[in-house]
Amino acid sequence: MAPRTTQILEAAARLIARRGVRGLRVEELAAEAGVSTGLIYYHFKDRTGILRHTLEFINNRAERYTTSRDEDAEPLPPRAELEEILLLELQDTPEVRENSSAWGELRASAVFDEVLREDLARATLIWVQEVAALLGQVLPMTPAPALAAAGERLTALLEGLSMRWLSGGLQLDHARDLVRGAIDAELALLREQRGQ
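The rules behind these values
- Residues numbered from 1 in each chain as written.
- Predicted model: local features only at pLDDT ≥ 70, side-chain atom pairs only at ≥ 80, totals over all residues.
- Heavy atoms only, no water.
- Salt bridge = Lys/Arg side-chain N within 4 Å of Asp/Glu carboxyl O.
- Helix = DSSP H or I, 4+ residues; strand = E, 2+ residues; numbered from the N terminus.
- Buried < 20%, exposed > 50% of the residue type's maximum accessible area, 1.4 Å probe, protein only.
- Expected span 1.5 Å × (residues − 1).
- Contact = heavy atoms within 4.5 Å.
- Axes fitted to C-alpha atoms, helices over the stretch in contact; angles between N-to-C directions.
- Parallel < 35°, antiparallel > 145°, perpendicular 65-115°, else oblique.
- Left-handed = near helix turned anticlockwise from the far one by under 90°.
- Nonpolar A, V, L, I, M, F, W, Y, C, P; charged D, E, K, R; others polar.
- Polar contact = N/O pair within 3.5 Å; in protein donor to acceptor, adjacent residues only side chain to side chain.

Q: Report on the pattern of salt bridges, specifying residues and quantitative values.
A: What the rule picks out here adds up to 13 salt bridges. Salt-bridge contacts for Arg-61 lead to Glu-98; the nearest nitrogen and oxygen are separated by 2.9 Å. You can see Arg-61 sitting in helix H4 (residues 47-67) and its partner Glu-98 sitting in helix H6 (residues 94-110), a full 37 residues away along the chain. Exposure class is identical for Arg-61 and Glu-98. Each is buried. One salt bridge connects Arg-153 with Glu-186, and the closest N-O pair in it is separated by 2.7 Å. Here Arg-153, found in helix H8 (residues 144-166), pairs with Glu-186, found in helix H9 (residues 172-194); they are 33 residues apart in sequence, far enough to count as distant. Looking at Glu-186, the relative accessible area reads 10%, which means it is buried.

Given below as structure tokens:
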């Protein structure tokens, strides 16, 4: 991605996280990114283009901070990898706070925006599939529909816990403990469904 495009998308994520999708004005985005409004329209065509690309940007950024590990580190066992990837979505860092806030704002706006709704549904499906694949590494030979359902529940829970934590309704440590408990519960349910 070109540096100017990245600069604009970083600014869009910041503004959406702070003011919501409705508060995103192209003129303010240009000022936040330090570029002209013409350059924004050149790269993104319209407001919908900005939102779609910002969604893709925050998804890619989340993937980077949830999957980046030291190349020299020993690989984690599947259960530990699953937990680590999910818990990395609950970090008290500016990047994670901004990403999670922007994701929540985009999700809320998708209720009224069909194009954004389709993009969010696609992004959510990919996330659910990734979590289901990790669950499948923990419990091989588990039927795919059971893994998908567990992935759906875990990602939905994580989104809700993230919003509660970000809005001050939940302490971060408690949210992380709830995720760990949910992983244990899902794995127990999957074992039960497999007849173990």
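Q: Could you give an account of H8, naming the residues involved and the relevant values?
A: Working note: α-helix, 3.6 residues per turn, so residues spaced by three or four point in the same direction. Here H8 spans 33 Å end to end across 23 residues, near enough to the 33 Å set by a 1.5 Å rise per residue. Every buried residue of H8 is accounted for by Ala-146, Leu-147, Ala-150, Gly-151, Leu-154, Thr-155, Leu-158, Glu-159, Leu-161, Ser-162, Trp-165 and Leu-166. Next to the buried residues of H8 lie helix H5 (78-87), H6, helix H7 (114-138) and H9. Just downstream of H8 lies Gly-168, where phi reads positive at about 85°.

Q: Could you give an account of the packing of H7 against H8, naming the residues involved and the relevant values?
A: In the contact formed by H7 and H8, the axes pass within 8 Å of each other and the chain directions differ by 120°. As far as their axial angle goes, H8 and H7 are oblique. By crossing handedness, the relation of H7 to H8 is classed as right-handed. Side by side, H7 and H8 meet where Trp-127, Val-128, Val-131, Ala-132, Leu-135 and Gly-136 of the first sit next to Leu-147, Ala-148, Ala-150, Gly-151, Glu-152, Leu-154, Thr-155, Leu-158 and Glu-159 of the second. Taken together, the residues of the contact of H7 with H8 sort by class into 10 nonpolar, three polar and two charged.

Q: Please set out the side chain of Thr-124 residue by residue, giving values where relevant.
A: Inspection of the secondary structure assignment puts Thr-124 in helix H7. Residue Thr-124 is classed as buried on the basis of its relative accessible area, which comes to 13%. A polar side-chain atom of Thr-124 sits 2.7 Å from a polar atom in the side chain of Arg-107.

Q: Summarise the environment of Arg-19; cite the residues concerned and give the values.
A: Secondary-structure assignment places Arg-19 in helix H1 (residues 3-19). Owing to a relative accessible area of 47%, Arg-19 belongs among the partly exposed residues under this scheme. For the pair formed by Arg-19 and Gly-49, sequence separation is 30 residues and the distance between their alpha carbons is 18 Å. Among the polar contacts listed, one links the side chain of Arg-19 to the side chain of Glu-28, at a separation of 2.4 Å.

Q: How would you explain unusual backbone geometry if you had to name every residue and give the values?
A: Notably, Lys-45 is not glycine yet its phi reads approximately 70°, a positive angle. In this fold, Lys-45 is placed in the loop between helix H3 (37-44) and H4. Here the phi dihedral of Met-141 falls at roughly 75°; this positive angle occurs in a residue that is not glycine. By the element assignment, Met-141 lies in the loop between H7 and H8. Classification of Met-141 by relative accessible area gives exposed; the value is 78%.

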